[in-house]
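Listed below, chain by chain, are the residues.
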Amino acid sequence: QVQLVESGGGLVQAGGSLRLSCAASGRTFSTYTMAWFRQAPGKERDFVAVITSGGTTYYADSVKGRFTISRDNSKNTVYLQMNSLKPEDTAVYYCAARTYYTGSYRSLYDYNYWGQGTQVTVSS
């Protein structure tokens, strides 16, 4: 029943910044665990960042120090601020939600709702 819509993708130069948004439906958005994953052509879908209902965040090593995940519960929206972008960051970025509690956060299979994805391309 939860619907997720990503926006903010585009083409940027290496070293630049981009902010992705994910707007969610749901009466109890503030209780959801929200995450970002990404998938490059021919590659597996990888964990990028997660923010829990309590505001705790975790990041993949590849983006730590460059990306920031945040949420605005009044707008039912989660954000991914991406700074110091590299060509290796080029991928389709997916927003994911989990509406039930588990102790895990890095696995694709821990999330029960997904957006359609937004393309991010970083030129060299």
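1. Observations concerning the pattern of salt bridges
Close approach of charged atoms allows side chains with opposite charge to pair. Enumeration according to the criterion identifies 3 salt bridges in this entry. Of the charged contacts, one joins R38 and D89 as a salt bridge, the two residues approaching to 2.9 Å between their closest N and O atoms. Placement of the pair is R38 in strand β4 (residues 33–39) and D89 in the loop between β8 (77–82) and β9 (91–98), with a sequence separation of 51 residues. You'll find R38 and D89 in the same group, each marked buried. Between R66 and D89 there is a salt bridge, with the nearest N and O atoms lying 2.8 Å from each other. Of the two residues, R66 sits in the loop between β6 (57–59) and β7 (67–72) while D89 sits in the loop between β8 and β9, which places them 23 residues apart along the sequence. The class of R66 is buried, set by a relative accessible area of 11%. Salt bridges here are not isolated pairs; linked through shared partners, they connect R38, R66 and D89.

2. Considerations on the pairing of β4
Among the 7 residues of β4, 6 are classified as buried, and the element is accordingly described as predominantly covered. Relative to β9, β4 runs antiparallel, the two being bridged by 7 bridges. Opposite T33, over in β9, you have R98 as the bridge partner. Sheet analysis places β4 next to strand β5 (residues 46–51), joined by 5 bridges and oriented antiparallel. Its bridge partner being in β5, W36 is matched across the sheet by A49. Taking the residues that link successive antiparallel strands as the turn, the β4-β5 hairpin has 6 residues, and the phi of G42 there is positive, at about 75°.

3. Concerning the packing of aromatic side chains
Scanning the model with the defined rule gives 7 aromatic pairs in all. Measuring from centroid to centroid gives 6.0 Å for F29 and Y32, while their planes differ by 75°, and the two rings are edge-to-face. Here F29 and Y32 have matching classes, each one buried. Residues F37 and Y111 carry aromatic rings whose centres are separated by 5.5 Å and whose planes lie at 75° to one another, so their mutual orientation is edge-to-face.

Scoring rules and cut-offs
Residues numbered from 1 in each chain as written. Predicted model: local features only at pLDDT ≥ 70, side-chain atom pairs only at ≥ 80, totals over all residues. Heavy atoms only, no water. Salt bridge = Lys/Arg side-chain N within 4 Å of Asp/Glu carboxyl O. Helix = DSSP H or I, 4+ residues; strand = E, 2+ residues; numbered from the N terminus. Buried < 20%, exposed > 50% of the residue type's maximum accessible area, 1.4 Å probe, protein only. Pairing = 2+ DSSP bridges. Phe/Tyr/Trp six-rings, centres within 6.5 Å; stacked < 30°, edge-to-face > 60°.

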